[in-house]
Amino acid sequence: MTSFVKSPNSPSGQPMVDAAGVHKRFGGLHVLRGIDLTVRTGEVVCVIGPSGSGKTTFLRCINHLEQITGGRLYVDGVLMGYRERGDKLHELHPREAARQRRDIGMVFQHFNLFPHMTALQNVVEAPIRVQKMRKDDALAAGRQLLARVGLGDKEDTYPAQLSGGQQQRVAIARALAMKPKLMLFDEPTSALDPELIGEVLDVMKQLANDGMTMVVVTHEVGFAREVGDKLVFMDGGVVVESGKPADVLSRPQQERTKAFLSKVL
Amino acid sequence: MVGLLGLFVYGATTNERYHWDTYRKYLFDVRISQGAWVTIQLTFWAMVLGIGLGTALAVMRLSGNPVLSGVAWIYLWIFRGTPVYLQLVFWGLFTSLYPHMRFGIPWGPAFVHFDVQYVDAAFFFACLGLGLNEAGYMAEIVRAGILSVGEGQSDAATALGMSWGLTMRRIVLPQAMRVIIPPTGNEVISMLKTTSLVVAVPLGSDLYNQQHQIAGVIFQPIPLLLVAGTWYLAITSVLMVGQHFFEKRFARGASRKMTPRQLRALAEELGKQGGGGP
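Keep in mind that this is a model prediction, so the values were computed, not measured.

**Quick word on the overall build of chain A**
No. 1: Across its full length, chain A carries nine helices and twelve strands.
No. 2: Relative to the globule expectation of 18 Å for 265 residues, the C-alpha radius of gyration of chain A, 18 Å, shows essentially globular dimensions.
No. 3: Sequence-distant contacts, at least 24 apart, represent 65% of the contacts inside chain A between residues at least 6 apart.
No. 4: Of the roughly 11500 Å² that chain A leaves accessible, carbon and sulfur atoms contribute 46%.
No. 5: For chain A, the centre of its 34 positive side-chain charges and the centre of its 30 negative side-chain charges are spaced 6 Å apart.

**Description of the overall build of chain B**
No. 1: Each helix and strand counted, chain B has eleven helices and two strands in total.
No. 2: Moving toward the C terminus, one meets the helices and strands of chain B in the order α-α-α-α-α-β-β-α-α-α-α-α-α.
No. 3: Radius of gyration (C-alpha) of chain B: 25 Å, far over the 19 Å computed for a compact globule of 278 residues.
No. 4: Taking the principal axes of the C-alpha coordinates as reference, chain B spans close to 70 × 70 × 35 Å.
No. 5: Partitioning the intrachain contacts of chain B with sequence separation of at least 6 by distance along the chain shows that 71% fall at a separation of at least 24.
No. 6: Accessible surface, chain B: about 16500 Å² in total, of which carbon and sulfur atoms supply 67%.
No. 7: The centroid of the 20 positive side-chain charges in chain B is displaced by 8 Å from the centroid of its 14 negative side-chain charges.

**Some words on the side chain of Gln-166 of chain A**
No. 1: Looking at the secondary structure, you find Gln-166 of chain A in helix α5 (residues 164–176).
No. 2: When sequence neighbours within four positions are dropped, the list of residues in contact with Gln-166 of chain A reads Leu-151, Lys-154 and Glu-199 of chain A.

**Quick word on the pairing of strand β11 (residues 230–235) of chain A**
All names here are of chain A.
No. 1: Within β11, six of the six residues are buried, leaving the element largely enclosed by the surrounding structure.
No. 2: The two faces of β11 match: Lys-230, Val-232 and Met-234 on one face and Leu-231, Phe-233 and Asp-235 on the other face are all buried.
No. 3: Summarising the sheet, β11 and strand β12 (residues 238–243) pair through five bridges and their orientation is antiparallel. From the neighbouring strand, Leu-231 faces β12, where its bridge partner is Gly-243.
No. 4: Counted between consecutive antiparallel strands, the loop separating β11 from β12 contains two residues, among which Gly-236 sits at a positive phi close to 60 degrees.

**A few points about the packing of helix α7 (residues 151–159) of chain B against helix α8 (residues 164–194) of chain B**
All names here are of chain B.
No. 1: Taken N-terminus to C-terminus, the directions of α7 and α8 make an angle of 160 degrees; their axes are 10 Å apart at the nearest point. Between α7 and α8, the angle is such that the two are roughly antiparallel. α7 and α8 meet at a crossing whose hand is right-handed. Touching Gln-153, Ser-154 and Ala-157 of α7 are Thr-167, Ile-171 and Gln-175, all from α8.
No. 2: The residue makeup of the contact of α7 with α8, split by class, is two nonpolar, four polar and no charged.

**A closer look at α7 of chain B**
No. 1: For α7 of chain B, the complete set of buried residues consists of Gln-153, Asp-155, Ala-156, Ala-157 and Ala-159 of chain B.
No. 2: Looking one or two residues beyond α7 of chain B, the residue adopting positive phi is Gly-161 of chain B, at roughly 90 degrees.

Definitions and cut-offs
- Each chain carries its own residue numbering, running from 1 in the direction its sequence is written.
- Naming scheme: in the order in which they are written, chains are lettered from A and ligands are numbered from 1.
- Local features in this predicted model are restricted to residues of pLDDT 70 or higher, and side-chain atom pairs are both shown and tallied only at a pLDDT of 80 or more, whereas totals for entire chains, interfaces and linings draw on every residue.
- Just so you know, side-chain values use all the structure's heavy atoms and leave hydrogens and water out.
- Only DSSP runs of H or I covering at least 4 residues are called helices, and only runs of E covering at least 2 are called strands; the numbering of each starts at the N terminus.
- Computation of the radius of gyration draws on C-alpha atoms, with the globule rule given as 2.2 Å multiplied by the number of residues to the power 0.38.
- By the convention used here, residues are in contact when the closest approach between their heavy atoms is within 4.5 Å.
- Surface accessibility follows the Shrake-Rupley procedure with a 1.4 Å probe radius. Residue values consider only the protein chains on display as shielding.
- Working convention for charge: Lys and Arg count positive, Asp and Glu count negative, and His plus the chain ends are omitted.
- All charge positions are set by atom: Lys at NZ, Arg at CZ, Asp at CG, Glu at CD.
- When accessible area is computed with a 1.4 Å probe and restricted to protein chains, residues below 20% of their type maximum are described as buried, those above 50% as exposed, and intermediate ones as partly exposed.
- Any two strands with at least two DSSP bridges between them are considered paired.
- Orientation is described by axes fitted as lines to C-alpha atoms, over the contacting stretch for helices, and by angles from 0 to 180 degrees between their N-to-C directions.
- Reported orientations rely on four angle classes, namely roughly parallel under 35 degrees, roughly antiparallel over 145, roughly perpendicular from 65 to 115, and oblique for the rest.
- Helix crossings are classified by the rotation of the near helix relative to the far one: an anticlockwise turn of less than a right angle makes the crossing left-handed, while a clockwise turn makes it right-handed.
- Note that Gly is not counted as nonpolar here; it falls among the polar residues with everything else outside the nonpolar set of Ala, Val, Leu, Ile, Met, Phe, Trp, Tyr, Cys and Pro and the charged set of Asp, Glu, Lys and Arg.

All we've got here are geometric facts, nothing functional implied.
The structure is reproduced here in structure tokens:
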């Protein structure tokens, strides 16, 4: 099987994601209270934490679906969504922000496939419309991607006709079609029936083995232990604890981590 | 109920005050069919303007830009808040407000210059008046359609690097169509009949006013009303068939049921696999 990623583990040493003191307020609600986090190229970082801890919001800040209200967030050395002049941040024109997002794939809890398009149309839409890829090339690449996530025979099927697990795999193929250098997963298996979780995790595992840089917000502690290079525990809008998954899971240092893990393990 | 209806039909066909001979004589009268054609044209152009401008207004209201949404709100306030009859009279008087129109650079050279009063502008102003009024209603229908598409859809499109315009055009509006089409069908059918108000402009060549003029000459209003009613019903029937096909077109992916094309492909596949099939 060919790999998802062209050149795994680029040796630049540049962190893929570099968050420094990231804050996010929604009006009076202070959701992120200074997040510091580094994700190296080729690394798989899993983020766990109770609901309302800001995990999803942080993930959405990485590709600037949400605007940060303090701190700095760099992806591959580029400040996301803002231009820095002096020590002031100016928001980028939406077109430039859209350009930055092209290299970052995102997979959502509720799949968010385009229901009026077939599986293949979902996958090729952005390559054709955004990257201006030739239609034939995009279709060929899209078929290959669907085959890789095990859905080669479903290209003409509409999302409503697919199971949740199949929909999520199409969604992963759709994100990969843009040849991203970073993949963000927002609780990709939380909306799935238990027996369908495995097929999605298998695809993600393969992606990780191919060297894709991934940030995964998840409740799948097993996946984090097996595949993750780093585990981050978030609570109350801050990173409470992070480290090697095995260490954090078996020897948590913080009380809050212990309390959370005792509930989910 | 059926019996009562039968009695009514029997009564109507035998009551000579309906003047069915006159009805038959004028049903395919060339003035009537020309009037019907004018009515169809008015409906078409008014709806083209109404849907186009209405969509723009809906997008403006949802844009988050306070100037754009403010302008759209004021437009809706004025055009939904005054009777369409009043608006049509106003557009009819527009030529007396601005008798000379020139299109060009302000205070510079004019490209086109004409006296509006010498142009046969009644048809143009009738379309304009009906269309601008319609845009106010279409804006709300389109806005409801856009709001019916979940936020996750634009999230997904945005995350793929699609611009706001591309997201609207390719992702949101096609899905909104499912919600937009049924009330728009209503609006088209309603517009077909609202065109009878163009006499306010004044334009007298549409279906209703044609039959009205004929009826005025021969002093038999009832058979001519029935003639016009028959034509309106016939056109509405055609429009309803059209709406049905539009709805099918935009229902793609809405159902778990397989489309005929998918069923054919599946049948072929099974046929190939094992001689016989199910």
